[in-house]
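# Survey of secondary and tertiary structure
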Amino acid sequence: MDPSIYEKLGQFYLGRPYDLDAGELAPGITLYDSRDLTTHAVCVGMTGSGKTGLCITLLEEAALDGVPALIVDPKGDLANLLLTFPDLAPGDFEPWIDPDQARRRGLEPAEFAGQQAELWRNGLADWGQDGARIARLKDAAEFTVYTPGSTAGLPVSILSSFAAPPPAIREDRELLGDRIESTVTSLLALMDMDADPLQSREHILISTILREAWSRGLDLDLEGLIHRIQKPTVQRVGVMDLESFFPAKDRFQLAMALNSLLAAPGFDVWLQGAPLDIGRMLHSPSGKPRLSIFSIAHLSDAERMFFVSLLLNETLGWVRSQSGTTSLRALVYIDEIFGFMPPVAEPPSKKPLLTLMKQARAFGVGVVLATQNPVDLDYKGISNAGTWFLGRLQTERDKLRVLEGLEGAARVAGGSLDRSEMDEILSGLGKRVFLLHNVHEGAPELFHTRWAMSYLRGPLTRDQIRGLAHGAEAEGPAEPATVSAPPAREPAGAPVSPAPAVADAQPDARPLLPPDVPQAFVRPRSDVDGESLRYVPAVLGMARMLYRDTRKGIDHREDVVLLRKVEPGDLDVHWDEARPFGVDPDRLDAEPLPEAGFEAVPPILADGDRYAAWERDLRDHLYRSRPLVLLTSRAAGETSQPGEAEREFRVRVAEKLRERRDEAVDALRAKFKARIRRAEESIRTAEAAVDRERDQARRAKLDTALFVGEGLLTAFLGRRSSGVRRAGRAARGVSRSQKEAQDVARAEDTLGARIERLEALERDLAEEIDGLESRYDPAAEELDSVKIQPKQRDVDVRRVVLAWVPVRRS
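Structure report, in brief. All of these numbers come straight from a predicted model, not from anything done at the bench.

## Topic: the overall build of the chain
Scanning the chain from N- to C-terminus turns up 20 helices and 27 strands. When the 810 residues of the chain are sorted by exposure, 51% land in the buried category. A separation of at least 24 residues holds for 76% of the contacts in the chain among residues at least 6 apart in sequence. Of the roughly 37,600 Å² of accessible surface on the chain, 50% is carried by carbon and sulfur atoms.

Spelled out as structure tokens, the structure:
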């Protein structure tokens, strides 16, 4: 098969049409428009139906099209997406084969691996694929296996999940309430507490704490939550005072239970690894799409619910922060929906999942749900799923549930469903044969899934996942600034963050300095007593810079804070040796913490006259060394925003190019539509002419045969003159018959020429669409940079002070 037949921009190659009556493949291929996934999809099929293979091919096609995905893998077999071997060599397969399967067949592992390699090579060839396409798949995206609560793959830190959600969530009371409810329910379930959100005082208290903090944009973590349970910042819950609703003694027991969870053996794994940052899990720092697989087979039911709920909440927050688009931006795929969205119960995962199903379409995010048992699905909740992949079902009850869901989807789409026809089709499906019901298409389609490029080895063990993850680069959380305080975090009520230690010594008293020496005290990250800290002197410069470029539409203000540590022997302050310091200038204290120690002050810092000169030096330094550098994409016509990381900009460029690609494809199809329609009409006219000429030719042959037969009969009876006349008529009939045959040939030639003209038009269309790939390929787009230099008058130095920086004693 020529790859150009199925390698179409924005089209997923899923398989070939299938003739159910004949029990064999039908001509053509089955392509699926990626944009249709923005209305979500459901895949249903019993064990052995080929459901997992179909969904893996769907994810492979998404990766080839540059679409990232979050993949929840409850069974452990979606990591097969990393088993891609372009060389199709037996040695590549051998580490991943099932040794028991080899033994059952009486084969050595190497022999069995050779058979598997040959099986995959032949299977791919049967479907027009080869190792080169596998190589393209590996190069198109990054594939990463995360194992929350385990170090087998890449661990995931859940701490960010207790941080304040983005403004889009906080400003929507319903979304904020849903997020709080699912987070608290998941956390209490992890503590083995089945808490009712409306009646459990534990649930109500923690919900109140989160709402009070998150509404003000304040972050929490588990340690901070324990502290706030003991000493809440709220004094009333509903209309009752706190002590009447939840006495301090009982709150201490709840805090102890949460502390026991935090201190439990193995729980520390939940606090390390990559942060649950959806943007980073969908794209690499360079903007390359990622397929992030969250393998949760090793977790208990409570832990699974806890993590999946957090993941869905984080995804919902990320979705709400994106701009709208009609193209497919990302996928959320759950391989087995059992327990996460049941038809009657309300687990913590259900609300965020239903919200995604309702709202993600506008942001280009598609949700794909798969299940073996249709009874596990809330059909009312997912009735707006636009695509259904239906495989072989186990029971009549399953079939009835599927038909119920299809009818709901048809009603939402404003269409109707032929239930009896669907019933008959579903009853006859075989292995790897699926019914594709897409509300965006005119009619359902039966198809046989193509051969997967990934080696479908089946569920992987922890050791195998560890082997896949070995050497992978995990994006861990950024190292915290020494003592900087994010603007959104409260100075009190939060846990102490570790600060670099200094050599212990007897604390010195606060130095006496002239009144003209400006001083400020950097606030520690969280509540801490002064006895555990020592203040170290440094020079802190704070400025605000304005970048303007009317031609480029830039009007950007940027705050700059630089810290320069001064050693006792230094004679001056050089700002080019200073480092950025993450502290809000408005969160500097005028007085130190009581009982804190102080280091000695270098002599130059005790000279108040120097600070004005250092302000001038800082202004010159910033003017010379800090232009605003922006990235530009010519193909997308986009310029990065100030402060926008290259990864985020590349993601935005990729989305813009994908939108332009889809628009260009639509424009090309519209351009060719009238020409193709005219060509098809001319073919129908030519076909009618052929039928007409053939009919005339058949009549001419029949007349000729009658004239010849009549002439022979007359001659036999002795009627010579009459026979001569009939013979002449027969001769003319033969001549006419020959002419009609020539007319048929000419009509057939005309038909053939018009068919060739249509095929040429379709080839031209396909070639022009293929030509768009390089034009709109995000990977090939080279970014340019542009520098915007500030004017001297636009560099406003606000303060240069002697900054006292707190560090922990060792």
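This is not the end of the story, as more comes after the structure.
## Points about a negative patch on the surface
A grouping of Asp-19, Asp-21, Glu-24, Asp-418, Glu-421 and Glu-424 is seen on the molecular surface, where their side chains present a negatively charged patch. Its location among the elements puts Asp-19 in strand β1 (residues 11–19).

## Here we look at the state of the cysteines
Chemically, a disulfide is nothing more than a covalent bond linking the sulfur atoms of two cysteines. In total, this model carries 0 disulfides according to the counting rule given. In this structure Cys-43 is not part of a disulfide, and its nearest cysteine sulfur, from Cys-55, lies 3.7 Å away. By relative accessible area, which is 3% here, Cys-55 ends up buried.

## Quick word on the pattern of salt bridges
Note that side chains of opposite charge can pair when their charged atoms are close. Applying the stated criterion to the full structure yields 44 salt bridges. Glu-558 is paired through a salt bridge with Arg-626; the nearest N and O atoms lie 3.3 Å apart. Residue Glu-558 is located in strand β20 (residues 554–565), and its partner Arg-626 is located in the loop between α18 (610–625) and β24 (628–633); the two are separated by 68 residues in the primary sequence. On the accessibility criterion, Arg-626 (25% relative accessible area) is partly exposed. The structure contains a network of salt bridges with shared partners spanning Glu-7, Glu-60, Glu-61, Arg-133, Arg-136 and Arg-450.

## Some thoughts on the side chain of Thr-449
Here Thr-449 lies in strand β16 (residues 445–449). Here Thr-449 is in contact with Leu-14, Gly-15, Leu-54, Trp-127, Arg-432 and Phe-434, once residues within four sequence places are set aside.

## Regarding the packing of helix α13 (residues 301–320) against helix α14 (residues 350–359)
Contact pair α13 / α14: the axes reach a minimum separation of 9 Å and the direction vectors enclose 25°. Classified by the interaxial angle, the pair formed by α13 and α14 is roughly parallel. Where α13 crosses over α14, the two elements pack in a sense that is left-handed. Residues Leu-312, Asn-313, Thr-315, Leu-316, Val-319 and Arg-320 of α13 touch α14, and the partners they reach there are Pro-352, Leu-353, Thr-355, Leu-356 and Gln-359. By residue class, the composition of the contact of α13 with α14 is 6 nonpolar, 4 polar and 1 charged.

Conventions we followed
Residues numbered from 1 in each chain as written. Predicted model: local features only at pLDDT ≥ 70, side-chain atom pairs only at ≥ 80, totals over all residues. Heavy atoms only, no water. Helix = DSSP H or I, 4+ residues; strand = E, 2+ residues; numbered from the N terminus. Buried < 20%, exposed > 50% of the residue type's maximum accessible area, 1.4 Å probe, protein only. Contact = heavy atoms within 4.5 Å. Areas by Shrake-Rupley, 256 points an atom, 1.4 Å probe, with all protein chains shown as cover. Patch = residues over 30% accessible without salt bridge, like charges linked within 9 Å, V, L, I, M, F, W, Y side chains within 5 Å. Salt bridge = Lys/Arg side-chain N within 4 Å of Asp/Glu carboxyl O. Lys, Arg positive; Asp, Glu negative; His and termini not counted. Charge placed at Lys NZ, Arg CZ, Asp CG, Glu CD. Disulfide = S-S within 2.5 Å. Axes fitted to C-alpha atoms, helices over the stretch in contact; angles between N-to-C directions. Parallel < 35°, antiparallel > 145°, perpendicular 65-115°, else oblique. Left-handed = near helix turned anticlockwise from the far one by under 90°. Nonpolar A, V, L, I, M, F, W, Y, C, P; charged D, E, K, R; others polar.

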